[in-house]
Each structure stands twice: as structure tokens, then as C-alpha cells.
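Each chain is listed here by its residues.
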Amino acid sequence: EKHNKIRECTVEQLKKFAKTFLAKSFLQGLIQGNITSAEAKTVDAKVRQILGNSGLESGGGLPESGTGLPELRCREIPKGLQYLQVDTLNPADTNTLVTNYYQAGPGNIREHVILELVSTIMDEPVFDTLRTQEQLGYSVYNNLRNTFGVLGLSITVNTQATKYTADHVDQRIEAFIKTFVKEHLTEEKVADAIKSVSKQKLRADVTMEEEVSRNWNEILSVEYLFNRYEKDVAVLNDISLEDIKEYFCPLMVDGEKCRKFSVQVLGAKEKNEEAVDTDQDFKLNTLKLREES
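Residues numbered from 1 in each chain as written. Predicted model: local features only at pLDDT ≥ 70, side-chain atom pairs only at ≥ 80, totals over all residues. Heavy atoms only, no water.

Undergrad: I'd like to hear about the overall build of the protein, residue by residue, with values.
TA: Regarding its fold elements, the protein presents nine helices and six strands. Split into buried and exposed, the 293 residues of the protein put 32% on the buried side. Carbon together with sulfur atoms contributes 52% to the accessible area of the protein, which is approximately 18,600 Å² in total. (Helix = DSSP H or I, 4+ residues; strand = E, 2+ residues; numbered from the N terminus. Buried < 20%, exposed > 50% of the residue type's maximum accessible area, 1.4 Å probe, protein only. Areas by Shrake-Rupley, 256 points an atom, 1.4 Å probe, with all protein chains shown as cover.)

Undergrad: Hey, could you go over the packing of helix α4 (residues 109–133) against helix α5 (residues 166–183) for me, with residue numbers and the actual values?
TA: Viewed as axis vectors pointing N to C, α4 and α5 meet at an angle of 125°, and their least axial separation amounts to 11 Å. Here α5 runs oblique to α4, going by the angle between their axes. As α4 runs across α5, the sense of the crossing is right-handed. Across the interface between the two elements, Val118, Ile121, Met122, Pro125, Val126, Thr129 and Leu130 from α4 touch Arg172, Ile173, Phe176 and Phe180 from α5. Here the contact of α4 with α5 is composed, by residue class, of nine nonpolar, one polar and one charged. (Axes fitted to C-alpha atoms, helices over the stretch in contact; angles between N-to-C directions. Parallel < 35°, antiparallel > 145°, perpendicular 65-115°, else oblique. Left-handed = near helix turned anticlockwise from the far one by under 90°. Contact = heavy atoms within 4.5 Å. Nonpolar A, V, L, I, M, F, W, Y, C, P; charged D, E, K, R; others polar.)

Undergrad: Break down the pattern of salt bridges for me, with residues and values.
TA: If you walk through the whole model with that rule in mind, you get 12 salt bridges. With its nearest N and O atoms 3.0 Å apart, the salt bridge here joins Arg48 to Asp44. Of the two residues, Arg48 and Asp44 both sit in helix α3 (residues 37–51), four residues apart, roughly one turn of that helix. A residue is classified by how much of its surface remains accessible, and Asp44, at 31% relative accessible area, is partly exposed. In this structure, Arg259 engages Glu76 in a salt bridge whose closest nitrogen and oxygen atoms are separated by 3.8 Å. Pair noted here: Arg259 is in strand β5 (residues 259–266) and Glu76 is in the loop between α3 and β1 (80–87), with a separation of 183 residues, a long-range link. (Salt bridge = Lys/Arg side-chain N within 4 Å of Asp/Glu carboxyl O.)

Undergrad: Give me the environment of Ala175: which residues, what numbers.
TA: For Ala175, the location among the structural elements is in helix α5. With 78 residues separating them along the chain, Ala175 and Val253 place their C-alpha atoms 9.9 Å apart.

Undergrad: Explain the side chain of Arg259 residue by residue, including any values.
TA: For Arg259, a relative accessible area of 16% translates into the label buried. Side-chain polar atoms of Arg259 contact the backbone oxygen of Ile77, separated by 2.8 Å. (Polar contact = N/O pair within 3.5 Å; in protein donor to acceptor, adjacent residues only side chain to side chain.)

Undergrad: An account of helix α9 (residues 241–252) is needed here, citing residue identities and associated values.
TA: End to end, α9 covers 16 Å across 12 residues, agreeing with the expected 16 Å (1.5 Å per residue, within 8%). Within α9 the residues assigned to the buried category are Leu241, Ile244, Tyr247, Phe248, Leu251 and Met252. End-on, the buried residues of α9 take up no more than an arc of 145°, which puts them together on one face. Residues of α9 that are exposed and point over 90 degrees away from its buried face: Glu242 and Glu246. (Expected span 1.5 Å × (residues − 1). Arc of directions from axis to C-beta.)

Set out below in C-alpha cells:
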């Protein structure tokens, strides 16, 4: 849709937008280092003056902010299995991408840490099983997801349409998850993960860039938890194997409670060497959109 729309844009529209979009916008900044609070506020005011920024109009935004900043929300995935399967837009591309996303719901620090431990434990076996042993694709990985405060985990496999179907990859991901619970969620591996994650979070920032990057991420996420690592470490040692299984199994194993969304982009089964006409309107070809309870 973006590709189709951008070809309709004119230079005049772009110039008009460039002159006005900063005037009514929500600006956040981070000034860190050898500078006083008063000096930082002076710099902030100067930047806003140069940009001609007067902030967002109040109303319709976050009640507590008074900025008019829209509240960011995440759609709840219904219980059961949801699938979206579409054709690739490039007929010359044989890559098929399958991402299975398992949504937990709005979370807190403890639940985020639990998923961080699970993700840490899963890193090696998901690659070893699906990439090295089963050779489903050259790129296999899992991710901890935090979408505007809604937690979840995802597993992604980049395979080839000439070798495996997306349905087969989806089935192998599900088989891996069951094996993961039985063989890898153990007392020993949980203890090792707690030590590893704690060590990483307790490590002092080596450079100013690291510290600024960590703080800036809190601003971008609109969470502003600048002592997040300290809070994480405070709950890490109180988490047990049973705590992890109690939270993880309904998320990815229990079909009745699981909220799964599988996004599958199918590559071309036969590589078409003809050049893609980038002037044409692209239309998404939805092959499968369904729910399974």
C-alpha cells in the first residue's frame, strides 16, 4: 500500500508537508552528559523555537499527559490459532517467511523477566533444531515481544518455497515448542539463564553511548523506566522453574488458552528471472485467512 501511494505524491505535497508537520508534533529529547538541568532546558527551548514547534493540541490523547499524544494500543489476538498467508510481491523471490507470534497480554516486570529467561534458554535449541538438524532455512530465531506493554514471544523461520511449504514449517515450530518444554525447561538451564541475564543487567555501561541508548529506548517506548535493570534483577532470583512453566505453557503449549498468530509470506515455487515492474500497482494476494479454536 505504501508503494502504491508514494507514486502519487508530488513535490508540492512534499514541500507543504515538510513546512507544517513539525509545527504541531510531540517532541521528546534526551540531553545527557556534562550539562546542568538549566542548560538542558535552554537547549530544548531553543530547538523548539527553531522548529517552530508548539506541541500537540490537547484532547484526544493520554489523559495524564495533557499533550494530545494518541494512546498506543495493541489488538488482542483471539484465543486459538489465527493464520494469515499471502503470496510474495516479488515473483523472482523464492524465500518463504513464517513467523509464529504467541501473545501473552499486558505484562509487568516479573512477567517480562520470565519471558526474557525463556527467550534466553530458547536461543540455542531453536536454531540447533530447526536450522542445523532439520535444515528448514538459513535464518531461524526467536524474539521476546513487547508491543506497547503487551508481551509475547515469536519464532521466525526463513525457508525456501522450492524446499518446504509454510504449513510444514509451522508444524515443525509447534513440534519444537513441545520438545523445548520437555528437554530444555529444566532447573539447571533456568539457573544458568538467571545467572547470565543478571550478569548482563548488572554490567556497568562502558561508554556514554551505551547509557544514552538505554535511556533513549525508554523514551521511545514511552515507559520511562530508567532503572529497569535494577528492578529486573530484584525479581530474577525469586523466579523458579515452576513459575516459568506456569506462565509459558498457556502462552505457547496449551491450545485452548494460546493466542497464536502465524504470518506466512510464500515465495515463488519457481524462480522467475523477469524483472519486476516497479511502476505497477502491487496487490496483496491473500491465500489463507482463518481461525482455528
